[in-house]
Every structure is written in structure tokens, then in C-alpha cells.
Amino acid sequence: MNTEKVTARRLTAEEISGLGLQDGIFVPAGMGGLPLDCYAPAFLTEPGKNFEGGAFAARTVFGEEIHVLPDNAEEGGIWIADKAGEEIEVLRSAGVLLNLALFVPDGNTESLESLYAAARDAFGAGIVQRWSEETVAVPDVKVDLYEEPARGRKNTNTQNRDRRALDIYPTRVRFLEPSDGWRFVVEPHKAIVDDTPTI
């Protein structure tokens with residue numbers, strides 16, 4: 001676990017009520033409900049002036065939402081960077097978690113192991129981990145993906161279609177989300193023929 005020492009001071013409820021959404025704070029760190037003996041960078045989920053008693057809600061840079069009673073001596077409280085304060089241990093946010101969907105033509109166990117070995121060589125054997133793996137045989141075909149209004153009228157022309165992505169693989173479609181009020185339309189791929197005369 002990578003941490004760094006930060007000089008900070010603990011805030012009172014009155015001081016926190018003066019903070020906005022852009023003010024960086026430190027709150028007790030935890031991952032998946034498991035408390036850690038350090039702090040995490042965070043921001044309030046709503047301005048402190050909206051506080052009406054109870055716990056302040058903050059979201060850490062790691063996506064965890066936490067509720068803190070600032071004046072409770074048994075809790076870690078909310079801290080802010082201050083050169084006149086004391087040193088606390090803060091989690092570093094240097095790592096990035098990648099969720100990858102890989103298409104491997106003629107994929108087999110050997111080619112997947114080669115990909116894994118190459119990633120370990122590039123980033124380090126202790127860094128790259130496979131948490132879950134789903135191997136699905138997919139046809140090596142491409143499709144065209146369009147967006148169109150979700151409540152479009154039937155038998156209308158296609159002028160309001162917006163091409164979202166060109167000739168993508170069908171398996172990628174399930175990892176994409178349409179815009180609000182729009183839906184995806186998947187059609188067999190048609191190569192674009194450019195009839196522009198050339199000299």
C-alpha cells in the first residue's frame with residue numbers, strides 16, 4: 001500500500017460547512033467497507049453549507065463514498081492540508097485500474113498466455129493481475145453502429161441517425177452506452193465507397 005505523509009489539521013463541523021465541492025479534503029480510507037489505517041483524498045458530495053446535522057458525505061478519489069461525523073472523537077474526522085498541522089498518512093492515487101476487453105483473432109490459450117506474459121514484462125510481474133476472465137468465441141465480423149432517437153417515428157428517413165462508430169466488432173457494442181434519449185442500431189458493415197473523381 002503506497003502512502004505519503006501530508007501535513008494537515010482536523011476540521012470542525014463549522015469549518016466543514018464553509019467548504020465547497022472543489023475543496024480537497026482527507027477522510028478515513030476504506031476499500032469495500034474494510035477500514036484502512038490511513039486517509040484518502042476526497043471531496044464533499046454536496047456543499048458544506050447544505051449541512052443540516054448528522055454526518056458529512058464525501059467521495060474519495062477512488063470512488064468510495066463515506067459518511068463522517070466530524071466531531072466524533074472515535075472517528076477519523078475530516079482533514080485539510082495545513083502546513084501548521086500534524087502529519088497524517090494519505091493513500092497515493094498513482095495507480096490506474098484497466099478493465100480490458102480483448103479480441104484475439106483465432107484466439108487460443110497460448111495466444112492469451114502470450115498477451116498476459118507481455119503485459120507482465122512491460123509493467124512488472126507483481127503489477128499485472130487477472131481478476132476475472134471471460135473467454136467467448138466470437139465471429140470475426142464487423143458491424144456498423146448508429147444512434148437514433150429512442151422514440152423515433154416508424155418509416156421515417158434516416159436523416160436523424162448519427163454514426164457513432166465505424167466498423168466495430170459486435171462484442172464491443174455491449175461495452176458502450178447510448179446517449180440520453182438515443183438508442184443503438186446495429187447493422188451489417190457496409191464498406192464506404194468513395195466515388196469522388198480523382199485526377
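Computed from a predicted model, the values in this text were never measured in an experiment. (Residues numbered from 1 in each chain as written. Predicted model: local features only at pLDDT ≥ 70, side-chain atom pairs only at ≥ 80, totals over all residues. Heavy atoms only, no water.)

A. Seen up close, the pairing of strand S5 (residues 65–68). The side-chain alternation of S5 yields one buried face, formed by Ile66 and Val68, and one unburied face, formed by Glu65 and His67. Direction of pairing for strand S4 (residues 56–60) relative to S5: antiparallel, over a ladder of four bridges. Directly across from Phe56, in S5, lies its bridge partner Val68. Hairpin connection, S4 to S5: the antiparallel pair is bridged by four residues, and Gly63 has positive phi, about 90°. (Buried < 20%, exposed > 50% of the residue type's maximum accessible area, 1.4 Å probe, protein only. Helix = DSSP H or I, 4+ residues; strand = E, 2+ residues; numbered from the N terminus. Pairing = 2+ DSSP bridges.)

B. Quick peek at a nonpolar patch on the surface. Nonpolar side chains collect at one region of the surface, where Val96, Leu98, Leu100, Leu102 and Leu115 lie side by side and expose about 570 Å² of accessible area between them. Secondary-structure assignment places Val96 in the loop between strand S7 (86–91) and helix H2 (109–123). For Val96, a relative accessible area of 71% gives the class exposed. (Patch = residues over 30% accessible without salt bridge, like charges linked within 9 Å, V, L, I, M, F, W, Y side chains within 5 Å. Areas by Shrake-Rupley, 256 points an atom, 1.4 Å probe, with all protein chains shown as cover. Salt bridge = Lys/Arg side-chain N within 4 Å of Asp/Glu carboxyl O.)

C. Examining the pattern of salt bridges more closely. In total, this model carries five salt bridges according to the counting rule given. Lys5 serves as the salt-bridge partner of Glu89, at 2.5 Å between the closest nitrogen and oxygen. One end of the pair, Glu89, is in strand S7; the other, Lys5, is in strand S1 (residues 3–10), and 84 residues separate them in sequence. We classify Glu89 as partly exposed; its relative accessible area is 27%. Given a relative accessible area of 55%, Lys5 falls into the exposed group. Linked through salt bridges whose partners overlap, the residues forming this network are Arg9, Glu15 and Asp82.

D. Highlighting the environment of Glu65. Here Glu65 lies in strand S5. Spatially, the C-alpha atoms of Glu65 and Ala42 are 9.1 Å apart, while their sequence positions differ by 23 residues. Dropping the residues within four chain positions of it, Glu65 is found in contact with Thr45, Ala57, Ala58 and Arg59. Reaching out from Glu65, the side chain makes a polar contact with the side chain of Arg59 at a distance of 2.8 Å. (Contact = heavy atoms within 4.5 Å. Polar contact = N/O pair within 3.5 Å; in protein donor to acceptor, adjacent residues only side chain to side chain.)

E. Broad picture of the side chain of Thr60. By secondary structure assignment, the location of Thr60 is in strand S4. Apart from the residues lying within four places of it in its own chain, the contact partners of Thr60 are Val27, Ala40, Pro41 and Ala42.

F. The nonpolar core, seen in detail. Ranked by internal contacts, the top residues of the largest apolar core, which has 14 residues, are Ile16, Leu19, Ile25, Val27 and Ile78. Sorting the residues of this core by element identifies helix H1 (13–16), strand S2 (25–31), strand S3 (34–44), S4 and S5 as the ones contributing at least two each. Membership of the second largest hydrophobic core comes to seven residues, among which are Val6, Phe26, Trp79 and Val90. (Core = buried A, V, L, I, M, F, W, Y, C linked by side-chain atoms within 4.5 Å.)

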